[in-house]
Amino acid sequence: MSPTPTSAPFAIRARVVSPLAAGGTLDLPDGLVTVDASGRIGSVAGVADVPPGVPADAVDLRPWVVLPGMVDLHAHLPQVPNAGLGYALPLLEWLDRLTFPTERSWVDPAVAERLAPAIFRAFAAAGTTTVLAYGVVYEAAMEAAFRAAETHGIRAILGKVMMDRLTYDPTIDPASILDRTLRESRDLAERWHGADAGRLGYAVTPRFAVSCTEDLLRKSAELARDLGCWWQTHVSEDPGEIAEVRRLFPDARDYVDVYERAGGLGPRSILAHAIHLSPMEEARLAATGTRIAHCPTSNLFIGAGVMPLTSRLTAGIGVGLGSDVSGGAELSLFGVMRAGAYAQQARRVLVDRDTGVAADSTDAAPPLGPLEWLRLGTLDGARVLGLDDVIGSIEVGKEADLIAVDPGLTAPLGPELDREGLLDDPSDLVGRLIFRSHPSMVRAAWVRGRRLEGPA
Ligand SMILES: [Zn+2]
């Protein structure tokens, strides 16, 4: 095999599988994708139908498969080293014992400078080309994280965590914390939002209602609107957390209402989890166009619950996937798809087959198939961010955020013993990648046609 291309322009030949913006899935068993000098996809076609003028010197990546890069809508950069620790701890205890001490260590920006480049390489190795992530409360560490993303090449939307109560930083003066966190968030956003022609972005990031006053929530939402940034936080993850929010915000109708009163809902807002919503809360998210980052590995690891995915989708809410590392133990969105698929099947088998009463009335619907999970992890994630005209699928004119995956590593007996034609159906191929993911199966990742360090 010739060397995998490192920068645009290039042409690659491989099986090409991608969701399509108009619906359905593109599957080219022997396809050719060209990427122009600006990093955009110039053509996508079967090798037999290559348009005139396309270069014949494509790099042949077969038997690898080219897919759109994964879009991870929820992760915590400083928590990546903790992945796999803290199984089944209640959320608030998990924060105190594991998460806050780790985040506190980033008070020294040298820690961020040392870890952030490796963290972005790890995302790329998992096949993630776009990540929406929380950082820490420290501005200098966030500056280092943005610089690392700028150098690495990943598409990253990051935010400094905002907390004006129960913060893990004992050095912050409570009297000035609100003004300071707003000022530092604004400074970071002004430096980084839209940097490198939109590859980097800023999300104003109040951690969640438990660690934010009403004042901070309202001013953070104003700041995001002011600067045209995203706004991200957590909602309705764990029963203990929900009870605490009810105690802290006695005037609010429910958890979603805490954010709605603060002006935090809308199409630029991404809420993680949204597991235990009432029908009224679900309806408010749908009516305001607010988006959800669905994080099933995390929800099952911590034991927070199983989100009724079909209900959220039927309500018309924009949903994509999040690893929520280290609430979730793995960075791979293929693993997130697997956990999500199993969790939704668990909801379905809870349907009482004698009475017909479902765990939720939507749970009797047919489960999502592998190609629908792939869409959630790519094009739907891009749509949640409002970036679906730029990334999320392999279509002409989009920026070339691609991954090359070796499906041979997922074959139970090795690919040479797979029956001829076994994976001809793209649903079977993608099912293999989801249900038999191999940690080294992502062999290359590109953002805007530039190859990322990370994949083996
Ligand atoms: Zn989270």
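The structure under discussion appears in the preceding block.
Just so it is clear, the model here is predicted, and its values are computed rather than measured.

J.: Which residues make up the coordination of the zinc ion, and what are the values?
T.: Looking at the zinc ion, the protein donor atoms are His 74 (NE2), His 76 (NE2), His 234 (NE2) and Asp 324 (OD), and they sit 2.1 to 2.5 Å from it. Classification of the site at the zinc ion rests on its four donor atoms, whose angles at the metal span 84 to 171°, yielding the label irregular. If you list the donors of the zinc ion from N- to C-terminus, the spacing comes out as H-x1-H-x157-H-x89-D. Residue His 234 is found in strand β10 (residues 230–235), and its partner Asp 324 is found in the loop between β13 (319–321) and α12 (333–349); the two are separated by 90 residues along the sequence.

J.: Which residues make up empty space enclosed by the protein, and what values do they have?
T.: A full pass over the atoms with the stated rule returns two cavities of 30 Å³ or more. When its volume is computed, the largest cavity comes out at roughly 110 Å³. In this structure, the largest cavity is lined by His 76, Gln 79, Leu 91, Trp 94, Leu 95, Arg 207, Phe 208, His 234, Glu 237, His 273 and Asp 324. Among the elements that line the lining of the largest cavity, the one with the most residues is helix α1 (residues 91–104), at three residues. Grouping the constituent residues of the lining of the largest cavity by class yields four nonpolar, four polar and three charged. Estimates place the volume of the second largest cavity at around 60 Å³. Together, Val 137, Lys 160, Val 161, Met 162, Met 163, Ile 172, Ile 177, Arg 180, Thr 181 and Glu 184 line the second largest cavity.

J.: Quick rundown of the pattern of salt bridges? Include the residues and the values.
T.: A full pass over the atoms with the stated rule returns 33 salt bridges. In this structure, the salt-bridge partner of Asp 257 is Arg 253, at a minimum N-O distance of 3.9 Å. With a relative accessible area of 7%, Asp 257 lands in the buried category.

J.: Tell me about the sheet that holds strand β3 (residues 41–46), and please be specific about residues and values.
T.: Taken in spatial order, the seven strands of this open sheet run β3-β2-β1-β4-β14-β15-β16, and their pairing is mixed. Across the chains shown, the open sheet's two edge strands, defined by having one partner strand only, are β3 and β16 (450–451). Each of β1 (10–19), β2 (25–35), β4 (59–68) and β14 (402–405) touches helix α15 (residues 426–435); the most contacted strand, β1, lies at about 95° to it.

J.: Describe unusual backbone geometry, listing the residues and the values that go with them.
T.: It is generally the case that most residues other than glycine have a negative phi and that most peptide bonds are trans. Note that the residue after Ala 8, namely Pro 9, is joined by a cis bond; omega there is 0°. Residue Arg 62 is joined to Pro 63 through a cis peptide bond whose omega torsion reads 10°. In this structure, Pro 63 sits in strand β4. Unlike most non-glycine residues, Ser 236 shows phi in positive territory, near 45°. Relative to the assigned elements, Ser 236 resides in the loop between β10 and α7 (239–248). Positive phi values are uncommon outside glycine, yet His 273 reaches one of about 85°. Relative to the helices and strands, His 273 resides in strand β11 (residues 269–273).

Criteria and cut-off values
Here the residue index of a chain counts from 1 through its sequence in written order. Thresholds applied to this predicted model are a pLDDT of at least 70 for local features of residues and 80 or more for the giving and counting of side-chain atom pairs; totals over whole chains, interfaces and linings are not thresholded and use all residues. By convention in this description, side-chain values take in all heavy atoms of the structure and omit both hydrogens and water. The rule for donors is simple: an N, O or S atom within 2.8 Å of the metal counts, and for Na, K and Ca the reach is 3.2 Å. Water is not among the atoms, so a site may look short of donors. Key to geometry: four donors with every angle between 85 and 135 degrees are tetrahedral; four donors are square planar and six octahedral where opposite donors lie over 155 degrees apart and all remaining angles lie between 65 and 115; all other sites are irregular. Think of it this way: any DSSP run of H or I at least four residues long counts as a helix, any run of E at least two long counts as a strand, and we number them from the N terminus. Any residue with an atom within 4 Å of a point lines the site, the site being either a cavity, points on a 1 Å grid over the protein atoms alone where a 1.4 Å probe fits but cannot get out, or a pocket, an open set with protein on both sides within 12 Å along at least 5 of 7 lines. Grid points are joined across faces, edges and corners, and a volume is the space filled by probe spheres set on the points. Gly falls in the polar group here, along with every residue not listed as nonpolar (Ala, Val, Leu, Ile, Met, Phe, Trp, Tyr, Cys, Pro) or charged (Asp, Glu, Lys, Arg). For salt bridges, the criterion is a side-chain nitrogen of Lys or Arg within 4 Å of an Asp or Glu carboxyl oxygen. When a residue's accessible area, from a 1.4 Å probe over protein chains only, is under 20% of the maximum for its type it is buried; when over 50% it is exposed; and in between it is partly exposed. Two strands pair if DSSP finds at least two bridges between them. Any two residues whose heavy atoms approach within 4.5 Å at even a single point are treated as in contact. Here an angle of 0 to 180 degrees is reported between the N-to-C directions of two axes, which are lines fitted to C-alpha atoms, with helices fitted over the stretch in contact.

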